[in-house]
Amino acid sequence: MSDVTDAKRADLAGPGIGSYEEVARVLPEDYRSLLTPRETQQAIVAVRRFIEEGLCRELGLEMVQVPLVVEEESGVNDMLDRDGSRTPVSFRIDNDNGAHPVHAQVVQAATKWKRTALRQFGMAPGEGLCTDMRAVRKDYFLDHDHSAYVDQWDWERVLTAEERTLETLQETVRRIWSVLHGAGAHARELFPQLADERYPDLPEEITFVHAEDLLARYPDLPRKQRETLLLQEHPAVFLVGIGWTLADGYPHEMRAADYDDWVTPTTGPDGQVRHGLNGDILVWNPVTRRRHELSSMGIRVDAAALRQQLELTGQLDWLDLPYHRGIVDGTLPLSIGGGIGQSRTLMLLLRKAHLGEVSVTVWPRVLKDLCADRGIHVLE
C-alpha cells in the first residue's frame, strides 16, 4: 500500500489530531487572549443570543427542548459515522426494582431526534426548530478543538419534495453564513479589542466547492490537507458532497447512512454529475492557523436515499428500527438540518486558541499543562 493511500485511509479515522506531540506543535506560541475570562463569559452570552435569534429569523425556526438521553431501541441516536468506531455512552436504568428497566444512551447529536420532533410539534413546510443541544462523544481524541462535551445549535426545517435540491441547500447555507458573519461584527462592536489586525474578519460571502472538484485539484493529498490548502485561498467554504465515494476510491469523509443524503446525483456548472445534498461549513482560523469546522448539515434522506445508503454500507437491517420505518412509510417529514458547533463558533469569533476557553469540560492533564505553558486559560 502506498504512502498516499495510507494517508488517505488514516484521514478517515475520525476527528482530532491524534497525539499530544502534534498538539504541542499546533498550539500557537505567541498567543494572548484578547478578552479576560470574565469578559469572555459576557461575550459568550451576547453572541449566543445573537446567533439563536438570527437562525430563528433567517430559517423560520423556533427554539424547542431537546433530549440528553434517548432509548437505545429507538434507533434515534446519532452514530456519527458508518463504521461503528464512535459509540454512545450507554447505561441501564433499573427502574421499579428491575421490573421495567430502560436501556438508555446519552445522545451524540440530535440529528435524527429533530426529524421526529418536527412531526411531534406539527411543523409544516417552511417551519422548523432550533435546539440548544448538549451531547457526549467519548471516542474523540481531546485536542484544541475537539472535546468529549459537545454543544450545538441543532436545527431542522420541513421541506417539500420539490425543495430537495442543491439550490435549497446553498440558499440555506448563505442564510446561516449571514448570521455567523453578523455575529462576528456584533462581538467586535461589544468588545472592540477583538478587532485585531492579526486576525482578519470573516468574509461576507461563503464559497461553494464540491468534494469531487477539491480532490481533482489535489489528487494526492488526504482530505484535511486538501481542505487546508483550499481555506488558505478561500477562508470560508461550504464543501458539498461528503460521504459519496470519490474518484480515488474514498469518500471525502465518512458519513452515517441514515441522516444526510450523500447519494443523490446533482449537476454542477460544468455539466458534470456530482453526488450529495450535504456538506460542511469550514473556515480558516487565524488564531490556530488551521482549518476549523463550524457545521455539518444537509438535506435529509428520503425513503429511496435511505435504502440506497444503507445498502451501500451494509446496514439494511436498520430499516426495522422505528426511526427508519418512519422515513420509509412517510410518517416522518422531509427535512433539511444541521448542527452548528457553539463552542467552535465562539472560539473562532472571540479569537480563542482552545475550546476550553469557552466551555467547561474535562481535559487530560497533559493537555492542560500544554495550554498553561502557552498562556491559554482553560476553564475548570
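The shown structure was predicted, so the numbers you read here are calculated from the model rather than taken from an experiment.

Asker: How should I be thinking about the sheet that holds strand β5 (residues 128-136) in this particular structure?
Answerer: Within a sheet, each strand pairs with its neighbour through backbone hydrogen bonds, oriented either parallel or antiparallel. Here eight strands make up an open sheet; going across it, the order is β1-β5-β6-β13-β12-β11-β8-β7 and the pairing mixed. Each edge of the open sheet carries a strand with a single partner, namely β1 (61-64) and β7 (207-210). Within this sheet the neighbouring strands show an average axis-to-axis angle of 25°, counted without direction. Where β5 and strand β6 (residues 149-158) come together, nine bridges link them in antiparallel fashion.

Asker: Quick question: what am I supposed to make of the layout of surface pockets here?
Answerer: Over the atoms, a rolling probe the size of a water molecule traces out where space has been left empty. By volume, the second largest pocket amounts to about 260 Å³. Lining the second largest pocket are 13 residues, and of these Gln170, His210, Asp213, Gly268 and Pro269 sit closest to its centre. If you list the elements that add at least two residues to the lining of the second largest pocket, you get α5 (166-190), β7 and β9 (265-267). The element contributing the most residues to the lining of the second largest pocket is β7, with three residues. For the lining of the second largest pocket, a count of residues per class yields five nonpolar, five polar and three charged.

Asker: Honestly, the pattern of salt bridges in this entry has me stumped. Any pointers?
Answerer: When their charged atoms lie close together, side chains carrying opposite charge are able to pair. This structure, assessed with the given rule, holds 30 salt bridges. Salt-bridge contacts for glutamate 171 lead to arginine 174; the nearest nitrogen and oxygen are separated by 4.0 Å. Within this pair, glutamate 171 and its partner arginine 174 are both found in helix α5, separated by three residues, close to a single helical turn. In this structure, lysine 368 engages glutamate 380 in a salt bridge whose closest nitrogen and oxygen atoms are separated by 3.2 Å. One end of the pair, lysine 368, is in helix α11 (residues 365-373); the other, glutamate 380, is in the segment after α11, and 12 residues separate them in sequence. Of the residues examined, lysine 368 reaches a relative accessible area of 18% and is grouped as buried. One salt-bridge network, in which partners are shared between bridges, spans Arg223, Glu227, Glu253, Arg255, Asp280 and Arg291.

Asker: I keep staring at the packing of helix α3 (residues 37-59) against helix α10 (residues 342-349) and nothing clicks. Help me out?
Answerer: Packed helices, taken two at a time, are described by their axes: the angle between them and the distance between them. Direction vectors running N to C along α3 and α10 enclose 115°, while the axes themselves pass 11 Å from each other. Judged by the twist between their axes, the crossing of α3 over α10 is right-handed. Along its contact with α3, which presents Ile44, Val47, Arg48 and Ile51, the element α10 presents Gln342, Thr345, Leu346 and Leu349. Class assignment for the residues of the contact of α3 with α10 results in five nonpolar, two polar and one charged.

Asker: Could you clarify how one ought to interpret the state of the cysteines in this entry?
Answerer: Between two cysteines, a covalent bond joining their sulfur atoms is known as a disulfide. Scanning the entire structure with this criterion turns up zero disulfides. Cysteine 56 provides the cysteine sulfur closest to cysteine 130, a residue in no disulfide bond, and the two sulfurs are 5.1 Å apart. Since its relative accessible area comes to 0%, cysteine 130 is described here as buried.

Asker: What is the right way to read the pairing of strand β13 (residues 335-341) from this model?
Answerer: The two faces of a sheet get side chains in turn, since along a regular strand they alternate between them. Of all seven residues in β13, seven are buried; the element is thus mostly enclosed. Burial of the side chains of β13 extends over both faces: Ser335, Gly337, Gly339 and Gly341 are buried on one face and Ile336, Gly338 and Ile340 on the other. Here β6 pairs with β13 via seven bridges, running antiparallel. Each residue of the ladder has a partner; that of glutamine 152, found in β13, is glycine 341.

Asker: What exactly am I supposed to notice about the packing of α3 against α5 here?
Answerer: Interhelical geometry of α3 versus α5 gives an angle of 150° and a closest axis separation of 9 Å. Taken as axis vectors, α3 and α5 run roughly antiparallel relative to one another. Judged by the twist between their axes, the crossing of α3 over α5 is right-handed. On the side of α3, the interface is formed by Ala46, Val47, Phe50, Ile51, Gly54, Leu55, Glu58 and Leu59, while α5 contributes Thr172, Arg175, Ile176, Ser178, Val179, Leu180, Gly182, Ala183, His186, Ala187 and Leu190. Among the residues making up the contact of α3 with α5, the classes are represented as 12 nonpolar, five polar and two charged.

Rules of the game
Residues numbered from 1 in each chain as written. Predicted model: local features only at pLDDT ≥ 70, side-chain atom pairs only at ≥ 80, totals over all residues. Heavy atoms only, no water. Pairing = 2+ DSSP bridges. Helix = DSSP H or I, 4+ residues; strand = E, 2+ residues; numbered from the N terminus. Axes fitted to C-alpha atoms, helices over the stretch in contact; angles between N-to-C directions. 1 Å grid on protein atoms, 1.4 Å probe; cavity = no way out; pocket = protein on both sides within 12 Å on 5 of 7 lines; lining within 4 Å. Points joined across faces, edges and corners; volume = space filled by probe spheres on them. Nonpolar A, V, L, I, M, F, W, Y, C, P; charged D, E, K, R; others polar. Salt bridge = Lys/Arg side-chain N within 4 Å of Asp/Glu carboxyl O. Buried < 20%, exposed > 50% of the residue type's maximum accessible area, 1.4 Å probe, protein only. Left-handed = near helix turned anticlockwise from the far one by under 90°. Contact = heavy atoms within 4.5 Å. Disulfide = S-S within 2.5 Å. Parallel < 35°, antiparallel > 145°, perpendicular 65-115°, else oblique.

Interpretation in functional terms is not warranted from these geometric data alone.
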